[in-house]
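Reading the structure
Listed here are the chains, written in short residue letters.
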Amino acid sequence: MATGREIPLQPAPVPGSEREALPGPSPPGPRRGRTWVLAGAAVLAVVAAAVIVQRRLARASAVPDGLIQVNGRIEGDPVIISGKLPGRIAVLAAREGDAVRAGQLLVRLEDDTARARLDETRAAEQAAWARVAAATAELEVLRRSAPISTDAAEASLAAARSSLEKARASAEQAARERERARRLREGGAMDPQASERLEVAARVAHREEQRTRAEAARAARQLADARLGPTRVRAQEEQVRVLEAVARQAAAQLAQAQVALDDLAIVSPASGTVTTRYVEAGEVVAAGAPLLEVVDLDRLYLKCFVPEKDIGRVRLGIPARVFTDAFPDAPYPAEVRFIASRAEFTPKEVQTPDERARLVYAVKLYLVRNPRHELTPGLSADALIRWKEGVPWGKPRW
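Sequence positions are assigned chain by chain, starting from 1 and proceeding in written order. Local features are withheld for residues below a pLDDT of 70 in this predicted model, meaning they are given only at 70 or higher, and side-chain atom pairs are given and counted only at 80 or more; totals for whole chains, interfaces and linings count all residues. For the side-chain quantities, the full set of heavy atoms in the structure was used; hydrogens and water were omitted.

This part takes up the environment of Asp329. Per the convention used, a helix needs a DSSP run of H or I reaching at least four residues, while a strand needs a run of E reaching at least two, with both numbered from the N terminus. Within the element layout of this structure, Asp329 appears in the loop between β11 (319–323) and β12 (332–339). Each C-alpha atom, one on Asp329 and one on Lys395, is 8.6 Å from the other, the two residues being 66 residues apart in sequence. At a separation of 2.6 Å, a polar atom in the side chain of Asp329 contacts the side chain of Lys395. In protein, a polar contact means a hydrogen-donor-capable atom and an acceptor-capable atom, both N or O and within 3.5 Å, with residues adjacent in sequence counting only if both atoms are side-chain atoms; elsewhere, any N or O pair within 3.5 Å suffices.

Look at helix α5 (residues 229–263): 50 Å from first C-alpha to last across 35 residues, which is about the 51 Å you get at 1.5 Å a residue. When accessible area is computed with a 1.4 Å probe and restricted to protein chains, residues below 20% of their type maximum are described as buried, those above 50% as exposed, and intermediate ones as partly exposed. Of the positions making up α5, those classed as buried are Gly229, Val233, Gln236, Val240, Leu243, Ala247, Ala250, Leu254, Ala257 and Leu261. Residue count minus one, scaled by 1.5 Å, sets the expected span of a helix.

The subject of this paragraph is the sheet that holds strand β5 (residues 105–109). Any two strands are treated as partners once DSSP identifies two or more bridges connecting them. With respect to topology, four strands assemble into an open sheet ordered β6-β5-β3-β8, the strand pairing being antiparallel. The open sheet is flanked by β6 (265–267) and β8 (284–285), the only strands paired with a single partner. Summarising the sheet, strand β3 (residues 87–92) and β8 pair through two bridges and their orientation is antiparallel. Following the sheet pairing, Gly87 is matched in β8 by Val285.

Next up on the list: the sheet that holds strand β7 (residues 272–277). Within a sheet, each strand pairs with its neighbour through backbone hydrogen bonds, oriented either parallel or antiparallel. Read across the sheet, four strands follow the order β2-β9-β7-β4 without closing on themselves; strand pairing throughout is antiparallel. Looking at strand neighbours, the two that pair on one side only are β2 (79–82) and β4 (99–100), the edges of this open sheet. With two bridges joining them, β4 and β7 adopt antiparallel strand pairing. Residue pairing across strands places Ala99 opposite Thr273, the latter belonging to β7.

See below:
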């Protein structure tokens, strides 16, 4: 039966090829292309908005003109405590965190040998000064006895010479009488017995003369010896000076032994806080080996690095403020007291990546006060340096 609409003819399906009979994807049309374009534009718009927001936030976070923001670590000037002499630690009187004063005992090494040496040198010094005292007393005796001995010797010599003159006169008189008696006896005018008495008297007078002559010679030698008194005094004075030099040498050895003993008691050269302990009691340490480290917590500073473009604005004495994570709302006043004269590459401690690989200058911001010693070396901190007066302080912004 015929109708008014023509029905299109479809090919009959081929057996075994049902996959080919399924409908395939339709080719992309104009509507799907527009969808991709709109999606790409939306992504670009979001990225652009994010960049704009980031730039606005960066501008908002920048510190005001007149301030320079830096960061670094809080440091101090450490004093390494070490001994001059080797030995075994007998007393360890300080540990980490202890506050110490200048001159306070920190470490004592065993000192038995040093004390024995000190006693020995003290005894030697006492003996040396005793010899000086004896020689000085002898010198005083010589000074007083020299003129007395000279006067006595002169008097003895004068008496001996007088006796010699008398003995000489007596001997001469006896010799003349003996000669006269001899002539008389030869002439038969004198008794031989009387002549013999005169002969004996002459010999006695001669021997007396010889005796007094010997006494006069002995008195002369005594006078010459007495006149050597000033020379003996000078020699004794020289001996006293030699003994005094020996005594001073002994005193120097005593002082050296005392210093060696004192060096075994190691005291703190400055006031501060013990931050590091390197040894324990009972250990044997070498000369110069580090024992303790002391830092004055009232003289801390923040070592930071200022970029090369900003270093020209930093001057010694300008103010700064240091901020720590523990006390973000309580900045610590500081002052620029050191500016390096040479630039260096940014060290690894700088936290912001964009600040690395730049030339920077090391700057030290000394804290004005650290009253409770809550800041210690090694803490990281931020800081603001005010190079333009009148600029209000803020907070660091990264």
